[in-house]
Amino acid sequence: MLAWLQERSQQVIAALQNPEYWWQFLVLCAAVALSALVNSRLQSVLEQNNTRSTGLRHIAVRAAQRIVWPLTALVFILIAIGILENYGLPTAILNLVSPILAALALIRLCVYILRKSFASNPIMRSSENALVLLVWSVVIMHLLGWLPGVLSLLDNMALTVGETRISVLSTVQLLFIVALAFILAVWIADLINRQVARVPGITPSMQVGVSKLSRFLLLTLAFLLALNAVGINLSSLAIFGGALGVGLGFGLQSIASNFISGFILVLDRSIKPGDIITVGTKFGWVQELNARYIVVRNREGVDTLIPNENLITSQVINWSYADPNVRVTVPVQISYDNDPEEAMALMLECAFASSRVLEDPPPTVRLTEFADSGIALEVRVWINDPNNGFTPVRSDINVAIWRAFKKANITIPYPQQDVYIKSMPDRPGTKPASDKTKASVAADIVSQTDAADPAPPTSER
């Protein structure tokens, strides 16, 4: 294999030392420079058009941006080949570069179309350039005749484990087949999801269930088929299964629990996208049901990732599970000097201060308790859109109650306490006060407290 590498390197060095190839290298550099200038101008024009394009036109413009440079370079090289052949000059290098540029344009176009087919897959978007470089390198080696030698070199770099021979070439083939099988599996799963989404009567939870199940089965099948295609005996996976079981018993237990809990949530349909839930102190809307976690977005627009296991083992409040109607309570206190029935009538009128309050069930007002500072009342209303929050409803009703009480001279009392002093401590250096004097001081304090607020009864604290 070293002899093959030495032979190829000597060919390259000999080509660089031959003056007949210098003109071709010069023409090639000039063609690349001119194509770069033309590419920069065309890219700016295409980018301006792309800002106003949508749909298929947007895809066509993006595809054109990816192939404009290799195509312009190919045009300049073809023109140079025609000129050099007209003067009888050699064009071997330019004839070799032409199919390489054409292959680059075709590969970039195909990879972009493939990526657009997996718009929801971030792996395809991030690995587009690496995939183009890999395929283009293989094409270049094939055109140069180096591919058989490189494959033989990779196959010779091997080691034997038991009865299995593992080489770099077989490992690369395995990775390639697994990646191709996974891409096809994801594409088929996305196609199934789009078809299921178009079927009327399918609930969101059922769509998520079909998506998860189809993706899991297709990826598992793709992995097994890839192993079989490379020549790995599937019976040897029994050892791998035992190791996986040990891993699940130790480090992967939480991951497996979340994965299985995700399927349970989908099958029992207790939580689905769009539901309003409260998990502990987290309140928000369910955005996504994923294999390991769900995404809950609160009112501030912050997404919280909650593991699926927490939804199975802890208490979850689903505000939209069966009935979207939710009762909202607004507590208010009034002074003991005021008539509670009059206040309750005013509060009932203020219940419809918010347009979200339902007429059926009708609002109600209840006297809940005789509190320390006043009479505790509570207006109870029903709404059917808890996704819009409860605070706006309470705010509208509170403002209306405040205005109505202000107009009717109904007092909302402040929290208050009465303090009774049973004895006065003697100051140092003074004559101790008699019991009669202490009693008169206490009576004066009590009388002052009663005069300040004679109406509400008080409790001793």
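Scroll up to find the structure this text is about.
Residues numbered from 1 in each chain as written. Predicted model: local features only at pLDDT ≥ 70, side-chain atom pairs only at ≥ 80, totals over all residues. Heavy atoms only, no water.

Caption draft 1: Up close: the sheet that holds strand β4 (residues 282-289). Overall, antiparallel pairing links the five strands, which are arranged β6-β5-β4-β3-β7 in an open sheet. Edge strands, defined here as strands with exactly one partner in the open sheet, are β6 (303-307) and β7 (316-318). Strand after strand, the sheet turns through a mean of 40 degrees between neighbouring axes, direction not considered. With four bridges connecting them, β4 and strand β5 (residues 293-297) associate as antiparallel partners. Across the sheet, Val 286 pairs through a bridge with Val 296, a residue of β5. (Pairing = 2+ DSSP bridges. Helix = DSSP H or I, 4+ residues; strand = E, 2+ residues; numbered from the N terminus. Axes fitted to C-alpha atoms, helices over the stretch in contact; angles between N-to-C directions.)

Caption draft 2: Focus on the packing of aromatic side chains. Going through the model one piece at a time under the given rule, you end up with three aromatic pairs. An angle of 65 degrees between the planes, with centres 5.9 Å apart, marks the rings of Phe 283 and Trp 285 as edge-to-face. Judged by its relative accessible area of 16%, Trp 285 is buried. With a centroid separation of 6.4 Å and an interplanar angle of 20 degrees, the aromatic rings of Tyr 336 and Phe 370 are classed as stacked. Of this pair, Tyr 336 sits in the loop between β8 (326-334) and α13 (340-350) while Phe 370 sits in strand β9 (residues 364-370); the two residues are 34 residues apart in sequence, bridging distant segments of the chain. Of the aromatic side chains, those joined through ring pairs into one cluster are Phe 283, Trp 285 and Phe 390. (Phe/Tyr/Trp six-rings, centres within 6.5 Å; stacked < 30°, edge-to-face > 60°. Buried < 20%, exposed > 50% of the residue type's maximum accessible area, 1.4 Å probe, protein only.)

Caption draft 3: Structural detail: the pairing of β5. Taking the residues between adjacent antiparallel strands as the criterion, β4 and β5 are bridged by three residues. Bridge count for β5 against β6 is five bridges, and the pairing is antiparallel. Residue Tyr 293 lies in a different strand from β6, and its bridge partner there is Pro 307.

Caption draft 4: Here's a closer look at the environment of Ala 376. Topologically, Ala 376 is positioned in strand β10 (residues 375-383). Separated by 42 residues in sequence, Ala 376 and Ile 334 place their C-alpha atoms 6.8 Å apart.

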